[in-house]
Amino acid sequence: MRPLRLAVLVVSGDAAVRSAAARDLAEHGYAVRCAAHSGHALLACLMGPRIDVAFIEATLEDMPGAELAGTLRRHLPDLRVVFLAQPGTAAAPGVVVRPFTRDDLAAELEVLTLTAS
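Fair warning: this is a prediction, and the values are worked out from it, not measured in the lab.

So, how was this worked out
Along each chain, the written sequence defines residue order, and numbers are assigned to residues from 1. Totals for whole chains, interfaces and linings use all residues, but because this is a predicted model, local features are given only for residues with pLDDT of at least 70 and pairs of side-chain atoms are given and counted only at 80 or more. As a rule here, side-chain values come from all non-hydrogen atoms in the structure, and water together with hydrogens is ignored. Here the term buried applies to any residue with accessible area under 20% of the maximum for its type, exposed to any over 50%, and partly exposed to those in between, with areas from a 1.4 Å probe on protein chains only. Each helix is a run of H or I in the DSSP string that is no shorter than four residues. Each strand is a run of E no shorter than two, and both are numbered from the N terminus. Two strands form a pair only when DSSP identifies at least two bridges running between them. Looking down the strands as they point away from the viewer, one classifies a crossover as right-handed if the path from the first strand across the helix to the second runs clockwise. The patches described consist of residues with a relative accessible area above 30% and no salt bridge, like charges being joined within 9 Å and nonpolar side chains (Val, Leu, Ile, Met, Phe, Trp, Tyr) within 5 Å. Calculation of accessible area relied on Shrake-Rupley with a 1.4 Å probe; when residues are assessed, cover is drawn exclusively from the protein chains displayed. Think of a salt bridge as a Lys or Arg side-chain nitrogen and an Asp or Glu carboxyl oxygen that are within 4 Å of each other.

(A) Spatial organisation of the pairing of strand 1 (residues 7-11). Within strand 1, 5 of the 5 residues are buried, leaving the element largely enclosed by the surrounding structure. Burial of the side chains of strand 1 extends over both faces: Ala7, Leu9 and Val11 are buried on one face and Val8 and Val10 on the other. Sheet analysis places strand 1 next to strand 2 (residues 31-35), joined by 5 bridges and oriented parallel. Across the sheet, Leu9 pairs through a bridge with Arg33, a residue of strand 2. Where the polypeptide runs from strand 1 across helix 1 (residues 15-27) and back to strand 2, its parallel neighbour, the crossover connection is right-handed. Where strand 1 meets strand 3 (residues 53-57), 4 bridges bridge the pair, whose relative direction is parallel. In the strand pairing of strand 3, Leu9 is matched with Ala54.

Listed below in structure tokens is the structure:
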């Protein structure tokens, strides 16, 4: 039986970031959905198929990314989260600093996959 591919949600108020991340992740074989703000992200988690990983802007216009992550995890307790941070932010596990490359996103997902096993 072929393993299910990870379903990824990208949450960013920046359309260019959403588009680039979605394209790059899809090219790596991930099922990708996007949300422009926290309300869309919550709807995606509640109404759509499962979501395994969320890439969330550390700072959204309507709430901090960490707060959104907590809200989403109340509905999806196993949700893994990676924050998209502004340039100048210190690199850390679970944080991808902008500008990012397709390999940065895929590498973070690889780490999540390995640590979840």
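So that's the structure; there's more coming.
(B) Region of the structure containing the pairing of strand 3. Counting buried residues in strand 3 gives 5 out of 5 residues, a clear majority hidden from the surface. Where strand 3 and strand 4 (residues 80-85) come together, 5 bridges link them in parallel fashion. The residue bridging Ile56 from the neighbouring strand is Phe83, located in strand 4.

(C) How the structure looks around a nonpolar patch on the surface. Among the surface-exposed residues, Leu43, Leu46 and Met47 lie close enough to one another that they form a single nonpolar patch of about 340 Å² accessible area. The topology assignment puts Leu43 in helix 2 (residues 38-47). On the basis of relative accessible area, Leu43 is assigned to the partly exposed category, the value being 49%.

None of this, on its own, says anything about what the molecule does.
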